[in-house]
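# Structural features, examined
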Amino acid sequence: MCAADQAHKWSLCPQCDLTVKLPAVPVGSRARCPRCHTTLLANWQEPRRRPTGYAISALFMLVLANLFPFINMHVAGLSSQISLLEIPQVMDREDYRSLATLFLLFVQGIPAFCMITIILLVNNVRMPHNLRLGLARILFQLRSWGMAEIFMAGVLVSFVKLMAYGEIGLGSSFWPWCLFCVLHLRAFQCVDRRWVWQRIDPMPPLPKVPQAGISGLKQGLRSCPCCTAILPAAQLACPRCGVKAHARRKHSLQWTLALLITSVMLYIPSNIMPIMVTETLGSQYPSNIMAGVILLWSDGSWPVALVIFIASIMVPSLKMLAIAWLCWHGSGRGGRDDEKMHVVYEVVEFVGRWSMIDVFVIAVLSALVRMGRLMSVYPAPGALLFAMVVILTMFAAMTFDPRLLWDRQRETERKEPRLDGQPSRDC
């Protein structure tokens, strides 16, 4: 067994499984994988104070954003205003508790929980060790599920839709919410996974001396997907964080394809069925996603129509095709264009959740446009189906193991990569 103090100098890239000997990274720099350019280590300036300051400020802005009116609307002498907490209440009254739950979780609950967790972990607050392990295990898993900034984009799209009907005003909590979106993203950005886990427990000793520039699997090694510890490939449980895993995600392609097929089955009715119903002077006008895009385009709001079309039509469709393409290559049937497929995977992982914009637009419209028989907006079943499509495709991308794209590559096919980590001045 190698000395434990040598373990922190090595890393198995979580995206391509390349063994990298980490360089001495200067403060304010980060080390990237020389093959797929994934960030392996970030040496932030003031790694405790910066995320703590951002997280506390974000929580303070979140409290302010929930205390006062968010937006208001004036139409033909009638007025309506809402706060952030009233949005899920309206959906609950309309018997759409599932959408209300998704809103509370993705827009407020998960971001707030992550900010509190960051404060507790980076400051080494006294707590039971098992609780600390549990918080660290789920913190980075929840990062993709916080959608405060996506809701903000949905609010801006709602403004453009509502301007055709009346006068829109910003409430006192609008700007605190904008600041919360920026601060909570910045707090996450300033937290390095390896640094957090090193404060909880040191790296376990290396099972053997790794050889840089070679896949960990070919050396009988695997990386813990939670705490990045290097372990023997046959060892299931990580002695550091307790997470059980295999050298490759078990049944990765089967899970991904199952989730993909389910999302395709829901995607078709979600585009056919109405996602919201607009009631004007006693008449109801149901509309689906494409009808909303066409209406915006005909009203002259073609930039917003283009945003909705890309986020709600193009992105889900292309994402499902891209996931199927990744599964094809991951199964060994595609060509050996690993770099291109890795870029496809990163794009799929990043853009998928932005399709929730349309769901959040419906949430804002249904809560704000409540003016009796003059004009009211209600959510429809298609909105829930579309939300489930987005969630299932996100799960499909998460269950796919990107290391499968690189497993067939022979290290002799390329020049030996530079293993200095390529520090970059962006921390």
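Residues numbered from 1 in each chain as written. Predicted model: local features only at pLDDT ≥ 70, side-chain atom pairs only at ≥ 80, totals over all residues. Heavy atoms only, no water.

## Quick look at helix α13 (residues 381-399)
Condition: By the criteria applied, helices consist of DSSP H or I runs no shorter than four residues and strands consist of E runs no shorter than two, each listed in order from the N terminus. A helix is expected to reach a length of 1.5 Å times the quantity of its residues less one. We call a residue buried when its accessible area falls under 20% of the maximum for its residue type, exposed when it is over 50%, and partly exposed in between, using a 1.4 Å probe and counting protein chains only.
Taking 1.5 Å as the rise per residue, α13 with 19 residues should run 27 Å; its terminal C-alpha atoms sit 27 Å apart, in good agreement. Residues of α13 that are buried include every one of Gly382, Ala383, Phe386, Ala387, Val389, Val390, Ile391, Leu392, Thr393, Met394, Ala396 and Ala397, and no others.

## Observations regarding the UniProt feature "transmembrane region" (unreviewed entry) in the chain
As a reminder of what qualifies: UniProt positions are given in the numbering used here, feature names are shortened, and annotations may be inferred rather than shown by experiment.
Annotation from UniProt places "transmembrane region" (unreviewed entry) at residues 54-76, 96-122, 142-162, 174-191, 257-277, 304-329, 350-369 and 381-400. Secondary structure over residues 142-162 splits into 71% helix and 0% strand, and the C-alpha atoms at its two ends are 33 Å apart. Secondary structure content for residues 381-400 is 95% helix and 0% strand, and the end C-alpha separation is 29 Å.

## Quick word on the pattern of salt bridges
Going by this rule: Should a side-chain nitrogen of Lys or Arg be within 4 Å of a carboxyl oxygen of Asp or Glu, the pair is scored as a salt bridge.
All chains considered together, the criterion is met by 5 salt bridges. A salt bridge links Arg248 to Asp17, with the nearest nitrogen and oxygen atoms 2.9 Å apart. Of the two residues, Arg248 is situated in the loop between β9 (230-232) and α8 (252-272) and Asp17 in the loop between β1 (10-12) and β2 (19-21); the sequence distance between them amounts to 231 residues. By relative accessible area, Arg248 is classed as buried at 13%.

## Looking at helix α11 (residues 338-351)
What counts, and what does not: As used here, the arc is the angular range of directions from the helix axis to the C-beta atoms.
When the terminal C-alpha atoms of α11 are compared, their 20 Å separation across 14 residues agrees well with the 20 Å that a helix rising 1.5 Å per residue should span. By the burial criterion, the buried members of α11 are Asp338, Met341, His342, Val344, Tyr345 and Val348. Summarising the axial view, the buried residues of α11 lie within an arc of 155 degrees, below the 170-degree limit, and thus occupy one face.

## Some details on the packing of helix α3 (residues 97-122) against α13
Note the cut-off: All axes here are fitted lines through C-alpha atoms, helices being fitted over the stretch that makes contact, and every angle between N-to-C directions spans 0 to 180 degrees. Oblique is the label for every angle not falling under 35 degrees (roughly parallel), over 145 degrees (roughly antiparallel), or within 65 to 115 degrees (roughly perpendicular). Should the near helix be turned anticlockwise from the far one by less than a right angle, the crossing is termed left-handed; should it be turned clockwise, right-handed. What makes two residues a contact is simply this: any of their non-hydrogen atoms within 4.5 Å.
Between α3 and α13, the least distance of the axes is 10 Å, while the angle of their chain directions is 40 degrees. Classified by the angle between their axes, α3 and α13 sit oblique to one another. In this structure, α3 crosses over α13, and the sense of that crossing is left-handed. Here Ser98, Leu99, Leu102 and Phe106 of α3 lie close against α13, whose contacting residues are Ala383, Leu384, Ala387 and Ile391.

## Side note on the sheet that holds strand β5 (residues 71-75)
Threshold: Only strands that DSSP links by at least two bridges are regarded as paired with each other.
Strand order in the open sheet made by the 3 strands is β6-β5-β7, with antiparallel pairing throughout. The sheet is open, and its two borders are formed by β6 (78-82) and β7 (167-170), each paired with just one other strand. The average angle at which neighbouring strand axes cross in this sheet is 20 degrees, direction not considered. Two strands pair when backbone bridges link them, and β5 and β7 are joined in this way by 4 bridges, in the antiparallel orientation. Note that in β7 the partner of His74 across the bridge is Glu167. Along the sheet, helix α12 (residues 357-368) makes contact with β5 and β6, crossing β6 at roughly 130 degrees.

## Quick look at the environment of Val25
Relative to the elements of secondary structure, Val25 occurs in the loop between β2 and β3 (29-32). Given the relative accessible area of 12%, Val25 is considered buried. Taking the C-alpha atoms as reference points, Val25 and Thr101, 76 residues apart in sequence, are found 43 Å from one another. The residues touching Val25, leaving out its near neighbours within four places in the chain, are Arg30, Ala31, Leu41 and Asn43.

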